[in-house]
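Observations on the three-dimensional arrangement
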Amino acid sequence: MGRRVGTGAEPVTGRRSRSTLSDIAEEAGVSTATVSKVLNGRTDVASATRERVTALLKTHNYLAPGTRRSRRSGLVDLVIGGLDSPWAVEILRGVEAECAERGVGTVVSRVREDDATPPSWTSLTAAHHSDGVILVTSRITAQQRAQVQRAGVALVVIDPVDLPDTDLVSIGATNWAGGLAATEHLLSLGHRRIAVIGGPREMLCTQARIDGYRAGLERAGVEVDRGLIRYGDFLHEGGFAAAQELLALPGRPTAIFAGSDMQAMGVYEAARQAGLSIPRDLSVVGFDDLPLCQWVSPPLTTVRQPLEEMGRIAARTLFQQLDGEALVSPRIELATELRVRLSTAAPPA
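Model, not experiment: these values are computed from the prediction.

Some points on the environment of Ala-241
Mapped onto the secondary structure, Ala-241 falls in helix 9 (residues 236–247). Through-space distance from the C-alpha of Ala-241 to that of Gln-263 is 9.4 Å; in sequence the pair is 22 residues apart.

Here it is in structure tokens:
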């Protein structure tokens, strides 16, 4: 089965095969938020409005809240914050491969956390009659979790921003071990002024990678300098801005551990503009091992996390839930591995 990709609150398919919540809201003369409330069993809707919307939901074959589907739709929603990242492409590749092997289609949607207006990704899922949702690098509230459970939809989160409860099924990598490996590699080359650029401060993976960095320094007896710790956005721009600050310090670092390969590319550009050569003047380590790491100059030393496999495992775990299979653990972490290339060397004399 094929894939459909969209942005915002609903996918763009070229031609709609199903009505959306917006269609029903327009027909009922109410807001999409009101339709979402009725769909999810909320009580703060006038009885006449509820009856009108409920009738339309039935007409359009929507699932009534609180019931589980007796038949599967053969669709899985992949909801992701940004589709313009090579990181996201690798995740998508793994999810689609696993779904294709099972004859299941994927609906790929981009929903930003800062979207000011509904419908949210939970309404999006209800509109598709999806069997399950794979949510990527997003925060999930208790209310969203309850909505998904009431609708009988399976849920797996890849790299969640946080874990609101221990029962949330999530997939990640050994981020702490990866941060430790990157730092120990730089220490082994003789570096002592090692800076780190994490991703968004609130994300679990960011915290784990920086904790691994701290642990590596402490094991080597090197004092952790808080002035060498920066946070970015996992993108080129964040790495560039943070690296500019670090390279302008009176005692600039001789090495930078970037929390993502894209941020490492930003470090490369900041070093170039500062007239520094990599790795002669500055060693750089990334995190992810995206395909582009082998082709930049010099090829990037990085911590590999198996992104495509994470997508596959997320889909596989989703199907286990749908089949009623018991999970060994709600949290799965795949191993990371340091890939040494030409962007790291001993510090300048």
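Focus on helix 8 (residues 204–219)
For helix 8, with 16 residues, the first-to-last C-alpha span of 22 Å sits near the 22 Å given by 1.5 Å per residue. Of the residues making up helix 8, those classed as buried are Cys-205, Thr-206, Arg-209, Ile-210, Gly-212, Tyr-213, Ala-215, Gly-216 and Leu-217. On its buried side, helix 8 packs onto helix 7 (175–188), strand 8 (194–198), strand 9 (229–231), strand 10 (255–258) and strand 11 (283–288). Positive phi appears at Gly-221, one or two residues downstream of helix 8, with a value of about 75 degrees.

Section: the pattern of salt bridges
Considering all chains together, one arrives at 15 salt bridges under this definition. Put simply, Glu-101 and Arg-312 hold a salt bridge, and the shortest N to O gap is 3.0 Å. Separated by 211 residues along the polypeptide, Glu-101 in helix 4 (residues 86–101) and Arg-312 in helix 11 (residues 307–322) bring together distant segments of the chain. Relative accessible area serves as the criterion here: at 17%, Arg-312 is assigned to the buried category.

Thoughts on the sheet that holds strand 12 (residues 301–304)
Within the open sheet, the 6 strands sit side by side as 9-8-10-11-12-14. Their pairing is mixed. Since the sheet does not close on itself, it has two edges, and those belong to strand 9 and strand 14 (337–339), each with one partner. On average, each strand axis in the sheet is tilted by 20 degrees relative to the strand beside it, whichever way the strands run. Bridge analysis of strand 11 against strand 12 gives 4 bridges, and the strand direction is parallel.

A look at the nonpolar core
Membership of the largest hydrophobic core comes to 68 residues, with the highest contact counts inside it found for Ile-134, Tyr-213 and Ile-256. Once you skip the residues sitting within four places of it in the chain, Ile-256 turns out to touch Ala-195, Ile-197, Ala-243, Leu-246, Leu-247, Val-267, Leu-282, Ser-283, Val-284 and Val-285.

Overview of the side chain of Ser-343
With respect to the helices and strands, the residue Ser-343 is situated in the segment after strand 14. Among the polar contacts made by the side chain of Ser-343, one reaches the main-chain carbonyl oxygen of Val-284 at a distance of 2.6 Å. Within the local environment of Ser-343, its side chain forms a polar contact with the backbone nitrogen of Thr-301, the two atoms lying 2.8 Å apart. Excluding residues that lie within four positions of it along the chain, Ser-343 makes contacts with Tyr-268, Ile-278, Pro-279, Leu-282, Ser-283, Val-284, Pro-298, Pro-299, Leu-300 and Thr-301.

A word on the packing of aromatic side chains
Scanning the model with the defined rule gives 1 aromatic pair in all. Plain terms: the ring middles of Phe-257 and Phe-287 are 6.4 Å apart, the flat faces sit at 40 degrees to each other, and that makes the pair tilted. One end of the pair, Phe-257, is in strand 10; the other, Phe-287, is in strand 11, and 30 residues separate them in sequence. Using a relative accessible area of 0% as the deciding quantity, one classes Phe-287 as buried. It is Arg-209 that lies over the ring of Phe-287; its NZ or CZ is 3.8 Å from the centre.

Rules of the game
- All residue numbers refer to position in the chain's written sequence, counted from 1.
- Local features are withheld for residues below a pLDDT of 70 in this predicted model, meaning they are given only at 70 or higher, and side-chain atom pairs are given and counted only at 80 or more; totals for whole chains, interfaces and linings count all residues.
- The basis for every side-chain value is the complete set of heavy atoms in the structure, and neither hydrogens nor water enter the calculation.
- Segments assigned H or I by DSSP are reported as helices when at least four residues long, segments assigned E as strands when at least two residues long, and all are numbered from the N terminus.
- Take the residue count of a helix, subtract one, and multiply by 1.5 Å to get its expected span.
- Accessibility here uses a 1.4 Å probe with only protein chains present; expressed as a share of the type maximum, an area under 20% marks a residue as buried, one over 50% as exposed, and anything in between as partly exposed.
- Note on definitions: a residue-residue contact is assigned when non-hydrogen atoms from the two residues lie within 4.5 Å.
- By convention in these notes, a salt bridge is any Lys or Arg side-chain nitrogen within 4 Å of a carboxyl oxygen on Asp or Glu.
- At least two bridges found by DSSP between two strands is the condition for calling them paired.
- Where helices are involved, their axes are fitted lines through C-alpha atoms of the stretch in contact, as for all axes, and angles between N-to-C directions lie from 0 to 180°.
- Throughout this description, the term nonpolar core refers to a set of buried Ala, Val, Leu, Ile, Met, Phe, Trp, Tyr and Cys residues connected via side-chain atoms within 4.5 Å.
- Any N or O atom pair separated by 3.5 Å or less is treated as a polar contact, with the protein-specific requirement of one donor-capable and one acceptor-capable atom, and with residues adjacent in sequence counted only for side-chain atom pairs.
- For Phe, Tyr and Trp, where Trp contributes only its six-membered ring, two rings pair if their centres lie within 6.5 Å, and the inter-plane angle classes them as stacked under 30 degrees, edge-to-face over 60, or tilted in between.
- By definition here, charges over rings are those cases where NZ of Lys or CZ of Arg is within 6 Å of the ring centre and within 35 degrees of the ring normal.

Spatial relationships are all this shows, so hold off on functional conclusions.
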